[in-house]
Amino acid sequence: MRLSRIIMALTVGLAVVTVPTAAGAAQPQPPAPGVTDTPQPPPYVPQPTLTVNRPTINLGETVVLTGRGFGPNETVDIVVTVTPIAAPAANQAPARRSDGTTVAMAPVAHQAAAPLSFTARTDGNGTFTRTYKPSVTGLLTFTATGRESGRVASTQLRVLDRPQPPPLPVTGDSLGTPMKVGGGLVGAGAVLLLLTFAWRRRQRFMGSH
């Protein structure tokens, strides 16, 4: 009996010692100094941008497109979308005569059509520049898309018609003045010719007497 009591006492003692040890092992341990388990945010990647050096130009002028924030050393596809601007073309304004009638002016010939899609190549920093000379008027939207990075940026450009000098009035007086002067000169010459013939005839008549 004494032996069994001793064995039972030892068993209970071991159980009491083991339970706190297991509970302590199950608890999370504090991190070591200088070590953190907080997940780090991904590195910041700037949004791509596309700009033009001038927001408004006249037809025939050139702009510079600048793209930033694209992938390094990648090809960028640029697409141009044209939206017409509701405004009368300056080169189609008629000239007006003094009597109220008008004369249609011939339109100015435009340059060769500029491409509506082209490419650019970025440098190691993801930057590119391209020049563009529009051949149509309107609101142009440029959309640039990186082939490898998939980054997209856009910008707009307003293209106006070429400035035209004010049309000179085509008046009836301005057309008739040269004709009047020419007719007067012809009439004066005819009078002088008749006077010359009369003077010669008179001289011959007086010489015969």
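None of these values were measured; they are calculated from a predicted model.

### A few points about the packing of aromatic side chains
Inference 1: Throughout the structure, instances matching the rule amount to 3 aromatic pairs.
Inference 2: On the basis of an interplanar angle of 55 degrees and a centroid distance of 5.7 Å, the ring pair of Phe70 and Phe128 is categorised as tilted. Note that Phe70 is positioned in the loop between β3 (63–68) and β4 (75–83) and Phe128 in strand β8 (residues 128–132), a separation of 58 residues in sequence.
Inference 3: Residue class for Phe70 comes out buried when judged on its relative accessible area of 2%.
Inference 4: The class for Phe128 is buried, based on a relative accessible area of 2%.
Inference 5: Relative to Phe142, the ring of Tyr132 lies with its centre 5.3 Å away and its plane at 85 degrees, an arrangement referred to as edge-to-face. Of this pair, Tyr132 sits in strand β8 while Phe142 sits in strand β9 (residues 138–146), and the two are 10 residues apart along the sequence. The exposure classification of Tyr132 matches that of Phe142, with both residues buried.

### Considerations on the pattern of salt bridges
Inference 1: All told, the structure shown has 2 salt bridges when counted by the stated rule.
Inference 2: Here Arg54 makes a salt bridge to Glu61, at a shortest N to O gap of 3.1 Å.
Inference 3: You can call Glu61 partly exposed: its relative accessible area is 28%.

### Regarding a nonpolar patch on the surface
Inference 1: A grouping of Val82, Leu116 and Val136 is seen on the molecular surface, where their side chains present a nonpolar patch of about 210 Å² in accessible area.
Inference 2: Checked against the element boundaries, Val82 lands in strand β4.
Inference 3: For Val82, a relative accessible area of 32% puts it in the partly exposed group.

### What about the sheet that holds β8?
Inference 1: Taking strand neighbours across the sheet as the criterion, the 3 strands line up as β1-β3-β8 in an open arrangement whose pairing is antiparallel. Only two strands of the sheet have a single neighbouring strand rather than two, namely β1 (49–52) and β8. Each strand of the sheet is rotated relative to its neighbour by a mean of 20 degrees, with strand direction disregarded.
Inference 2: Across 4 bridges, the pairing between β1 and β3 is antiparallel. Looking at the pairing, Thr51 lines up with Thr66 of β3.

### What to know about the pairing of strand β10 (residues 152–160)
Inference 1: Burial of β10 is one-sided: the residues Ala153, Thr155, Leu157 and Val159 facing one way are buried, the residues Val152, Ser154, Gln156, Arg158 and Leu160 facing the other way are not.
Inference 2: As paired elements, strand β2 (residues 56–58) and β10 share 3 bridges and run parallel to each other. Bridge pairing in β10 places Asn58 opposite Leu160.
Inference 3: In the sheet, β9 pairs with β10 via 8 bridges, with the strands oriented antiparallel. Each bridged residue has a counterpart across the sheet, and for Phe142 the counterpart in β10 is Thr155.
Inference 4: Between the end of β9 and the start of β10, which pair antiparallel, lie 5 residues, with Gly150 showing a positive phi angle near 75 degrees.

The rules behind the values
- Residues numbered from 1 in each chain as written.
- Predicted model: local features only at pLDDT ≥ 70, side-chain atom pairs only at ≥ 80, totals over all residues.
- Heavy atoms only, no water.
- Phe/Tyr/Trp six-rings, centres within 6.5 Å; stacked < 30°, edge-to-face > 60°.
- Helix = DSSP H or I, 4+ residues; strand = E, 2+ residues; numbered from the N terminus.
- Buried < 20%, exposed > 50% of the residue type's maximum accessible area, 1.4 Å probe, protein only.
- Salt bridge = Lys/Arg side-chain N within 4 Å of Asp/Glu carboxyl O.
- Patch = residues over 30% accessible without salt bridge, like charges linked within 9 Å, V, L, I, M, F, W, Y side chains within 5 Å.
- Areas by Shrake-Rupley, 256 points an atom, 1.4 Å probe, with all protein chains shown as cover.
- Pairing = 2+ DSSP bridges.
- Axes fitted to C-alpha atoms, helices over the stretch in contact; angles between N-to-C directions.

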